[in-house]
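Listed below, chain by chain, are the residues.
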Amino acid sequence: GHFSADGGADCGMHGTAIAGLIAARPCQPGDFTGIAPSADTYAIRVFGPDGANQADVAAAIDMLVDVQHVDLINLSLTGTVASELERDAIEYAWEHGVLCLCAAGNDAAAIMYPAQYPQAVSVAALGAQGWGPPSSVAAQMAPAAPDQIGRDQYYLAPFSSRGPGLDCCAPGIGIVSTAPEAAGFPCAWSEDSGTSLATPL
């Protein structure tokens, strides 16, 4: 395919948040920092204004494996239909020592694709009781039933996909990360929830 230097520009704000969780570097004291700010990262935008094509996802995986020689691939994207191209690309990455971490999905049902493939690591979203002010969206998502809150006050996010094939969970409610200034966030930080945010964490 055709790739350009500005081809990874975010057409919304999703990719910027994911990249920030991984590698944001503080510009001034008090700024948030990603979990691996010194990591070498690569971004390939597969979503355009009209959605993503599974062939583009597969091509991006192949490029990250063969050209960039990455160790990990974050796939904070989901679909309801299996794709042989996507599955083959994830298997190819696995065979070359590259682990693909995939968002489980946000529909409170079965794990979605590509997280459903055996060689993918599927990631659900966790919340923490008491995280955020009482009026915040994060606080409103906490389950009312005490038996749905586990050790250390963690709970499975009510929206998170779940069930057979789930590999792990990570924080996914009330997550602060980078936001593009072009999207109207002058401070370049925003808060959101979802398995997309849990996956890089």
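Let us look at the structure shown here. (Residues numbered from 1 in each chain as written. Predicted model: local features only at pLDDT ≥ 70, side-chain atom pairs only at ≥ 80, totals over all residues. Heavy atoms only, no water.)

## Quick word on unusual backbone geometry
Peptide bonds are trans in most cases, and residues, glycine excluded, mostly fall at negative phi. Note the cis peptide between Tyr-113 and Pro-114, where omega equals 5 degrees. Mapped onto the elements, Pro-114 comes out in the loop between strand E4 (99-103) and strand E5 (120-128). Of note, the phi angle at Gln-153 is positive, near 70 degrees, even though the residue is not glycine. On the secondary structure map, Gln-153 appears in the loop between helix H4 (137-140) and strand E6 (154-156). (Helix = DSSP H or I, 4+ residues; strand = E, 2+ residues; numbered from the N terminus.)

## Some thoughts on the nonpolar core
Within the largest apolar cluster, 22 residues are counted, with the highest numbers of intra-cluster contacts made by Ile-61, Ile-73, Leu-75, Ile-90, Cys-100 and Cys-102. Going through the elements one at a time, helix H2 (54-66), strand E3 (72-75), helix H3 (84-95) and E4 are the ones with two or more residues in this core. Sequence-distant contacts of Cys-100, defined by excluding residues within four places in its chain, comprise Ile-73, Leu-75, Ile-90, Ala-93, Ala-120 and Val-121. Counting 12 residues, the second-largest nonpolar core is a separate cluster that includes Leu-101, Val-121, Ile-173 and Ala-198. (Core = buried A, V, L, I, M, F, W, Y, C linked by side-chain atoms within 4.5 Å. Buried < 20%, exposed > 50% of the residue type's maximum accessible area, 1.4 Å probe, protein only. Contact = heavy atoms within 4.5 Å.)

## Considerations on the packing of H2 against H3
Angle between the axes and distance between the axes: these two values describe a pair of packed helices. Their axes nearest at 8 Å, the elements H2 and H3 cross at an angle of 15 degrees. By the angle class used here, H2 and H3 are roughly parallel. At the point where H2 passes H3, the crossing takes the left-handed sense. Contact residues: H2 offers Gln-54, Ala-55, Val-57, Ala-58, Ile-61, Asp-62, Val-65 and Asp-66, while H3 offers Leu-85, Glu-86, Ala-89, Ile-90, Tyr-92 and Ala-93. Residue composition of the contact of H2 with H3, grouped by class: 10 nonpolar, one polar and three charged. (Axes fitted to C-alpha atoms, helices over the stretch in contact; angles between N-to-C directions. Parallel < 35°, antiparallel > 145°, perpendicular 65-115°, else oblique. Left-handed = near helix turned anticlockwise from the far one by under 90°. Nonpolar A, V, L, I, M, F, W, Y, C, P; charged D, E, K, R; others polar.)

This is a description of form; function is not addressed.
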